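Structure assessment
Take a look at the letters that make up each chain.
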Amino acid sequence: MSSEPSTTDRAPERRSLGIGLIGYSFMGQAHSQGWRNARSFFDPQLTPRLVALGGRDAGAANDMARRFDWAHVETDWRALITRDDVDLVDICTPGDTHAEIAIAALEAGKHVLCEKPLANSVEEAVAMARAAECARAKGVRSMVGFTYRRVPAVAYARQLVEEGLVGEVRHVRAQYLQDWLVDPESPLTWRLQKERAGSGALGDVGAHVVDLTQFITGERLTGVSALTETFVKERPLPGAVHGLSAEVGEGRGQVTVDDAAIFIGRFSGGALATFEATRFATGRKNSIRVEINGSHGSLSFDFEDMNVLHVHDATAPGPRSGFTRVLVTEETHPYVAAWWPPGHGLGYEHGFTHQAADLLAAIAEGRDPSPSFADGLGIQRVLAAVETSAASGAAWTPIDPPEISY
Ligand code: SOE
C-alpha cells in the first residue's frame, strides 16, 4: 500500500477580480453564467469573484443571487459601484441607464462591461467613449458586449478574412430575424419604449449585425439609406415581466420604436451591403445571417446553425466548387479548445463565457479589450444614420468616421 496521503490541498487561488453586475433579467443571467464558466473552463489569470448583484427589486435580485452564487445584493447601483470589493461593473440594464452607470463606474476607477447597444443616443455614446478614454489613461478598461463576435464560427470567419480567403469584399448581406413580437397583444415592455431602449429592432438586434459585419470584414459602414416601420402601434401595458415576455397589465400604450428596419449601405472598402432587422419574421427565432462575397471567396453564417460556417474558395474552381460546410468544433478553431471534443458543439451561452474570459485576459495583461466604447460609439452613429435616413424617406445618409480610435 502506498504511503502517499490520499488528500492534497487544492492549488492556490490566482489573483482575483471582484465583479458587480447590475440587472437580473435575461442578460443578467446570461452574463452571470459567463463569469462562472469563464473561471472553470478558461482558468483565467484573474479569477472572477461574483461579489455583488444589483437590482431594484430586492426579491428578484436575491433569488437570482442565490441561484447564480452572487455573494451580496445591492438594490442601489450607486452602492454597488462604490464597494471596495468590486473591481469591475457589468451593466445589464436597459439602455436608458447605461451612460449614467458606466460613466460613474469609470470615474470610480472600476473596469466596465456594458451591454449593447452602448447607449440610447450618439450624445450619450460620445460621453461614454470620452469617459472610457480618460479612465484608460489610468489603466481602467471598458468593453461593450457585442457577444456574437465570440461565437467560434464568427471568430473563425474573421480569421479567414484576415488570412485573405475572401479577398476584396464586394457584398455584405446581413439579417437579424426574430418573431417574438408578432402577437399584437404581446405587452409593451421596455424594449418597445424609445425613452428606455433608444430604438426598436434597429438597436436591439440590428446593432448586432452592424457589429458582426464590421468585425468580420475589418471595414466600417460609411453611409446608409433606410426604411423603418412600426407594424403594431399600440399594445397592452405590461404586468409582471419574465425575461423577454410579460403578463398583460392594465391599460394600453403607444409603441414608440421601430418594429423593423431595413437598410442598404456602403463599406469603407467599397462593398455594397444590405441589412434587415426585425422582431416580426414569423418562424425565425434568433436567425442571425451574415454572408460576405469577395473577389477570392465567400463566407456564410446563420446563428440557427451556429457551429457551422459555410466557406467558398473561388480561387479553386472545379467539380467541387461551391460552399463547403465547415463544422467549427475543432480545437484549432477560436475558443473551442477550452470546451468539448470535436463535434460536440456549443450554444448561445458560450459567447458570454468567451466575452468574460477575453475581458479578464485583457485586464490581466494590461491591454484594451475589444469592442471598445469607441467601437460602440461607431455603431451608435450607424443606428442614428439609419433613423435619420428613414425619417427623410430613405435619403442617403453618410456616417461620420470615429472621432476616437485606439
Ligand atoms: C431580444 O431581441 C434579444 O434578447 C436581444 O436584446 C439580444 O441582444 C439578442 O442577443 C437576443 O435577443
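Calculation criteria
- Residues numbered from 1 in each chain as written.
- Predicted model: local features only at pLDDT ≥ 70, side-chain atom pairs only at ≥ 80, totals over all residues.
- Helix = DSSP H or I, 4+ residues; strand = E, 2+ residues; numbered from the N terminus.
- Rg over C-alpha atoms; globule rule 2.2 N^0.38 Å.
- Buried ≥ 20, exposed ≤ 12 C-beta atoms within 10 Å, placed from the backbone.
- UniProt positions renumbered as here; feature names shortened; annotations may be inferred.
- Pairing = 2+ DSSP bridges.
- Contact = placed C-beta atoms within 7 Å.
- Axes fitted to C-alpha atoms, helices over the stretch in contact; angles between N-to-C directions.
- Near = placed C-beta within 6 Å.
- Nonpolar A, V, L, I, M, F, W, Y, C, P; charged D, E, K, R; others polar.
- Expected span 1.5 Å × (residues − 1).
- Right-handed = clockwise from strand over helix to strand, strands pointing away.
- Domains from an automatic or database assignment.
- Core = buried A, V, L, I, M, F, W, Y, C linked by C-beta atoms within 7 Å.
- Bend = angle between axes of the 7 residues up to and from the residue.

1. As for the overall build of the chain
Along its length, the chain carries 10 helices and 17 strands. Against the 2.2 N^0.38 benchmark of 22 Å for 406 residues, the chain shows a C-alpha radius of gyration of 22 Å, consistent with a compact globule. Referenced to the eigenvectors of the C-alpha coordinate spread, the extents of the chain come out at roughly 70 × 60 × 40 Å. Across the 406 residues in the chain, those meeting the buried criterion constitute 47%.

2. Observations regarding the UniProt feature "domain: GFO/IDH/MocA-like oxidoreductase" (unreviewed entry) in the chain
Taking the numbering used here, the UniProt-annotated feature "domain: GFO/IDH/MocA-like oxidoreductase" (unreviewed entry) corresponds to residues 155-299. Annotated as 20% helix and 43% strand, the span residues 155-299 places its first and last C-alpha atoms 12 Å apart.

3. Re the sheet that holds strand 12 (residues 272-278)
Spatially, 9 strands are ordered 16-15-14-13-7-12-11-8-17 in an open sheet, and the strand pairing comes out mixed. Both edges of this open sheet fall to strand 16 (324-327) and strand 17 (397-398), since each of them pairs with a single strand only. In this sheet, strand 14 (residues 297-302) lies alongside strand 13 (residues 287-294) in antiparallel orientation, the contact comprising 5 bridges. Within strand 14, the residue paired with Asn 293 across the bridge is Ser 298. Running at roughly 150 degrees to strand 7 (residues 169-177), helix 8 (residues 201-217) makes contact with strand 7, strand 8 (221-229), strand 11 (260-267), strand 12 and strand 13 of the sheet.

4. Structural notes on the site of the ligand
Every residue close to the ligand is listed here: Phe 26, Gln 178, Asp 204, Val 205, Leu 244 and Asn 286. Counted by class, the shell around the ligand contains 3 nonpolar, 2 polar and 1 charged residues.

5. Some details on helix 10 (residues 373-391)
Counted at 1.5 Å a residue, the expected span for helix 10 with its 19 residues is 27 Å, and the 27 Å between its end C-alpha atoms agrees. The element helix 10 is extensively covered by neighbouring structure, given that 17 of its 19 residues are classed as buried. Directly beyond the C-terminal end of helix 10, a positive phi value near 70 degrees is found at Gly 393.

6. As for the UniProt feature "domain: Gfo/Idh/MocA-like oxidoreductase N-terminal" (unreviewed entry) in the chain
The positions that UniProt labels "domain: Gfo/Idh/MocA-like oxidoreductase N-terminal" (unreviewed entry) are, in the present scheme, residues 18-145. From the first C-alpha to the last, residues 18-145 spans 18 Å; its make-up is 45% helix and 23% strand.

7. A closer look at the pairing of strand 2 (residues 46-54)
As a general feature of sheets, a regular strand has side chains that alternate between the two faces. Note: strand 1 (residues 15-22) against strand 2, 8 bridges, orientation parallel. In the sheet register, Gly 20 faces strand 2, and the bridge partner there is Ala 52. As for the winding sense of the linkage, the β-α-β connection from strand 1 through helix 1 (residues 26-42) to strand 2 is right-handed. Across 3 bridges, the pairing between strand 2 and strand 3 (residues 72-74) is parallel. If you follow Gly 54 over to strand 3, its bridge partner there is Glu 74. Regarding topology, helix 2 (residues 58-68) serves as the crossover connection from strand 2 to the parallel strand 3, and that connection is right-handed.

8. As for the environment of His 310
The topology assignment puts His 310 in strand 15 (residues 308-313). Residue classification places His 310 among the partly exposed residues on the basis of 18 C-beta atoms within 10 Å.

9. Topic: the packing of helix 6 (residues 152-162) against helix 8
Running from N to C, helix 6 and helix 8 cross one another at 35 degrees; their axes reach a closest spacing of 7 Å. Residues Val 154, Ala 157, Arg 158 and Val 161 of helix 6 form the contact with helix 8, whose participating residues are Leu 212, Phe 215, Ile 216 and Thr 217. Among the residues making up the contact of helix 6 with helix 8, the classes are represented as 6 nonpolar, 1 polar and 1 charged.

10. Some points on the domain arrangement of the chain
Its domain assignment divides the chain into domain 1 (15-147) and domain 2 (152-305 + 307-346). The interface is formed by 12 residues belonging to domain 1 together with 13 residues belonging to domain 2. Of the residues in the side of domain 1 that touches domain 2, the class split is 6 nonpolar, 4 polar and 2 charged.

11. Let's talk about the nonpolar core
Core analysis: the largest hydrophobic core is formed by 110 residues, its most contacted members being Ala 102, Met 128 and Val 386. If one sorts the elements of this core by residue count, helix 10 sits on top with 10 residues. The residue makeup of this core includes at least three contributed by each of domain 1 (15-147) and domain 2 (152-305 + 307-346). Filtering out sequence-adjacent residues up to four positions away, Met 128 remains in contact with Ala 99, Ala 102, Ile 103, Leu 118, Ala 119 and Phe 373.

12. A few points about helix 8
Helix length check: helix 8, at 17 residues, gives a terminal C-alpha distance of 23 Å against a target of 24 Å (1.5 Å per residue), a fit within 8%. At Ala 207, helix 8 shows its largest kink, close to 35 degrees. Counting buried positions along helix 8 gives 17 out of 17 residues, so the element sits mostly inside the fold. Phi turns positive, to about 75 degrees, at Gly 218, one or two residues after helix 8.

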